[in-house]
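# Examining the three-dimensional arrangement
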Amino acid sequence: MKHLIRPALVIAGKDLYSEWKTRQTMSTMLIFSALVIVVFSFAFDPSNQAVSALIPGMIWIITVFAAILGLNRSFTAEQRNDHIHGFIVAPIDPSSVFLGKFIANFIFVLAVQLAAIPLLFLLFDFRVITIESIFYLAAIILLGTFGFVTTGTFLAAMSANSKSSEMLLPILLFPLATPVLIAAVQATRIVLLDLEKLSSAYSWMQLMAVYDLIFFAAGIILFEYILEV
């Protein structure tokens, strides 16, 4: 297990340190998220109680499109610098590359959510009443983001060699990520708006957990072949 995790942490650390120096990916994701929230706040009347029903969908719209920006750059930068060949010939398990990239992308998306979701709640004057709701919301966000980033990291590597990788990634990703996104939106809606139906939220969370396990295992097993494409 050490031979898998240690190189993955090094790769993730490299990406995080590179982003810390340039701040290109995070700044783009944050600006995009803030712009989407501001546009929503002008498009819908925040004082209208019916608008609160749109909050769960807004959370995941922001997450998805901000994540796409980060995922697109995850492997295209490596491709431009010919680091992909270095990953292939390096004496490490190819799955470590997938795991390292996944960790970095997951941290990027969580950081954006940590900034964007409170801003969304603030502009729409949306209040999460109970600590229980906050706990379940955090669990749903982690599960949904895990599944989306897992699938996105795998497909970003697959589409990196394409000349139109920025267009190809969303085309491949959205159909595969649809189950986890539907489950995430439904569970978020229940937790924020109708906590009495918590048992239904559990069912959606279980669906997300199964999805996460399947695609994470597929990424670990199949990534070796993706690098060689």
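Look above for the structure.
Residues numbered from 1 in each chain as written. Predicted model: local features only at pLDDT ≥ 70, side-chain atom pairs only at ≥ 80, totals over all residues. Heavy atoms only, no water.

### Let's talk about the overall build of the protein
A count of helices and strands for the protein gives eight helices and zero strands. Each helix and strand of the protein, ordered N terminal to C terminal, gives the series α-α-α-α-α-α-α-α. Per-residue burial for the protein yields a buried fraction of 44% across its 229 residues. A separation threshold of at least 6 residues defines the contact pool for the protein, and within that pool the share at least 24 residues apart is 84%. When the accessible area of the protein is evaluated, it comes to approximately 11900 Å², of which 69% is carbon and sulfur surface. (Helix = DSSP H or I, 4+ residues; strand = E, 2+ residues; numbered from the N terminus. Buried < 20%, exposed > 50% of the residue type's maximum accessible area, 1.4 Å probe, protein only. Contact = heavy atoms within 4.5 Å. Areas by Shrake-Rupley, 256 points an atom, 1.4 Å probe, with all protein chains shown as cover.)

### Regarding the environment of Phe 75
Locating Phe 75 in the fold gives a position in helix H3 (residues 55–80). Residue classification places Phe 75 among the buried residues on the basis of a relative accessible area of 1%. For the pair Phe 75 and Met 158, spaced 83 residues apart in sequence, the C-alpha separation works out to 9.2 Å.

### A short note on helix H5 (residues 94–123)
Its 30 residues give H5 an end-to-end C-alpha distance of 44 Å, which sits within 8% of 44 Å, the value for a rise of 1.5 Å per residue. Within two residues after H5, Asp 125 carries a phi angle of roughly 50°, on the positive side. (Expected span 1.5 Å × (residues − 1).)

### Considering the pattern of salt bridges
Applying the stated criterion across every chain yields a total of two salt bridges. Asp 15 serves as the salt-bridge partner of Lys 14, at 2.8 Å between the closest nitrogen and oxygen. Of the residues examined, Asp 15 reaches a relative accessible area of 13% and is grouped as buried. Asp 15 is the salt-bridge partner of Lys 101, the closest N and O atoms lying 3.0 Å from each other. One end of the pair, Lys 101, is in helix H5; the other, Asp 15, is in helix H1 (residues 2–22), with 86 residues separating them in the sequence. Sharing partners across several salt bridges, the network here consists of Lys 14, Asp 15 and Lys 101. (Salt bridge = Lys/Arg side-chain N within 4 Å of Asp/Glu carboxyl O.)

### Brief notes about the packing of helix H2 (residues 24–43) against H5
In contact at an axis separation of 10 Å, H2 and H5 are set at 20° when each is read in the N-to-C sense. As judged from the angle between their axes, H2 and H5 are roughly parallel. Here the hand of the crossing between H2 and H5 comes out right-handed. Contacts from Met 26, Met 29, Leu 30, Ser 33, Ile 37 and Ser 41 of H2 reach H5 at Phe 108, Val 109, Ala 111, Val 112, Ala 115, Ala 116, Leu 119, Leu 120 and Leu 123. (Axes fitted to C-alpha atoms, helices over the stretch in contact; angles between N-to-C directions. Parallel < 35°, antiparallel > 145°, perpendicular 65-115°, else oblique. Left-handed = near helix turned anticlockwise from the far one by under 90°.)

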